[in-house]
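# Reading the structure
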Amino acid sequence: MDELNVIKEHYKPIQPSVSGSDNEISYQESKPSKEIENFIYCFWQLRTRKPLKKGYNYRVVSDGCIDIFFNHKQPTENFVMGFCRKFTQFPIGKEFDYIGIRFLPSAFPHLFGVNAKALSNQSQELKKALPDFSKWIDTEIKASNSYHTVVRKLNQKLKELSKSNQIHYDRRFLNALNLIFQKNGYLDTEKDLNIGLSPRQLRRIFNFYIGTTTKSFSNVVRFQHILNAKPSKQSLKENKMYYDIGFFDQAHFIKNFKTFYGVTPSEAFR
């Protein structure tokens, strides 16, 4: 499992805080057990503390990850969401309680052997991709379980899977990921990823493990680098950090950012 350590060490996939009053909506993340920290970035819960006055639209920004999530009150409703090349927004009603697993980039295919490309840019029922895991959630997760109890069960199940599954790693693919992280996503993916693979081979292997091309994934890494820097609206104007990661002007940066986030940087970093 140490082969994926480069991802955990160099990539922190951020989702923005939910909007709404603290008295209405709660979002929390929990770190996984040490044995699976190279696969799982976090477990998370998004729930209402009380029914909302109107339906809530939940926005997910591009983070390069694959998530499994389910309705805590009705675990038979479980889903998987693949790599998304742009932000996604969907209505989830006036009352909800979702629990999820955010897998680090490439961890889901490594762990389950599923082609990430088949999951990209969509959310689908988990039973279509992982029927056994979907059935386990149906059977083992109870609506009466606390969030911490659910996290404990998920930790244990994933530890068992990581030990029982024979996982194969492609060192060339991991070297390519490392180069992308080192450059914060700002590189020429055709020239700078000289790792012993032809462009066609590189495209095929990234589609399988990430769900998209090296260029598309690098753009998400670059976007996430900005989120991790936590700039203020003022510092973006003064420091113009977007020049350091390949944006030629502010207009280009704003358009790119809005594609991944759904709003402009000024709105995101108020």
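The structure we're discussing is the one just above.
These numbers were taken from a predicted model, which means no experiment stands behind them.

### A short note on the overall build of the chain
What the chain contains, in helices and strands, is 11 helices and eight strands. Computed over its C-alpha atoms, the radius of gyration of the chain comes to 19 Å, within 12% of the 18 Å expected for a compact globule of 270 residues. Referenced to the eigenvectors of the C-alpha coordinate spread, the extents of the chain come out at roughly 50 × 45 × 30 Å. Partitioning the contacts of the chain with sequence separation of at least 6, the portion at a separation of at least 24 is 74%. Surface exposure of the chain reaches about 13,800 Å², of which carbon and sulfur atoms provide 45%. Counting 41 positive and 26 negative side-chain charges, the chain places the averaged centre of each group 4 Å from the other.

### A short note on the layout of surface pockets
Rolled over the atoms, a probe with the dimensions of a water molecule shows which regions are left empty. Looking at the largest pocket, its volume works out to about 480 Å³. What lines the largest pocket is a set of 22 residues, among which Asp188, Thr189, Glu190, Thr214 and Lys215 lie closest to the centre. Secondary-structure elements contributing two or more residues to the lining of the largest pocket are α7 (199-209) and α8 (214-229). No other element matches the five residues that α8 contributes to the lining of the largest pocket.

### Points about the nonpolar core
Membership of the largest hydrophobic core comes to 87 residues, with the highest contact counts inside it found for Ile68, Phe103, Phe108, Phe112, Phe133, Leu158 and Phe206. Residues in contact with Phe112, not counting those within four places in the same chain, are Phe103, Leu130, Phe133, Leu158 and Leu161.

### Structural notes on the packing of helix α4 (residues 131-140) against helix α5 (residues 147-164)
Remark: α4 packs on α5, axes separated minimally by 12 Å, with the N-to-C direction vectors making an angle of 150°. Classified by the angle their axes make, α4 and α5 are roughly antiparallel. Here the hand of the crossing between α4 and α5 comes out right-handed. In this structure, α4 uses Phe133, Trp136 and Glu140 to contact α5, whose residues at the interface are Lys153, Leu154, Lys157, Leu158 and Leu161. Grouping the amino acids of the contact of α4 with α5 by side-chain chemistry returns five nonpolar, no polar and three charged.

### Here's the deal with the sheet that holds strand β1 (residues 25-30)
Here we have six strands laid out as an open sheet, ordered β1-β2-β7-β4-β5-β8, and antiparallel in their pairing. Of all strands in the sheet, those with a lone pairing partner are β1 and β8 (123-125), marking the two edges. On average, each strand axis in the sheet is inclined to that of its neighbour by 20°, with strand direction left out of account. Alignment of strand β2 (residues 40-48) against strand β7 (residues 97-103), held across seven bridges, turns out to be antiparallel. Looking across to β7, one finds that Ile40 is bridged to Phe103. Across the sheet, α5 is in contact with β1, β2, β4 (66-71) and β7; its angle to β2 comes to roughly 150°.

Cut-offs and rules
Residues numbered from 1 in each chain as written. Predicted model: local features only at pLDDT ≥ 70, side-chain atom pairs only at ≥ 80, totals over all residues. Heavy atoms only, no water. Helix = DSSP H or I, 4+ residues; strand = E, 2+ residues; numbered from the N terminus. Rg over C-alpha atoms; globule rule 2.2 N^0.38 Å. Contact = heavy atoms within 4.5 Å. Areas by Shrake-Rupley, 256 points an atom, 1.4 Å probe, with all protein chains shown as cover. Lys, Arg positive; Asp, Glu negative; His and termini not counted. Charge placed at Lys NZ, Arg CZ, Asp CG, Glu CD. 1 Å grid on protein atoms, 1.4 Å probe; cavity = no way out; pocket = protein on both sides within 12 Å on 5 of 7 lines; lining within 4 Å. Points joined across faces, edges and corners; volume = space filled by probe spheres on them. Core = buried A, V, L, I, M, F, W, Y, C linked by side-chain atoms within 4.5 Å. Buried < 20%, exposed > 50% of the residue type's maximum accessible area, 1.4 Å probe, protein only. Axes fitted to C-alpha atoms, helices over the stretch in contact; angles between N-to-C directions. Parallel < 35°, antiparallel > 145°, perpendicular 65-115°, else oblique. Left-handed = near helix turned anticlockwise from the far one by under 90°. Nonpolar A, V, L, I, M, F, W, Y, C, P; charged D, E, K, R; others polar. Pairing = 2+ DSSP bridges.

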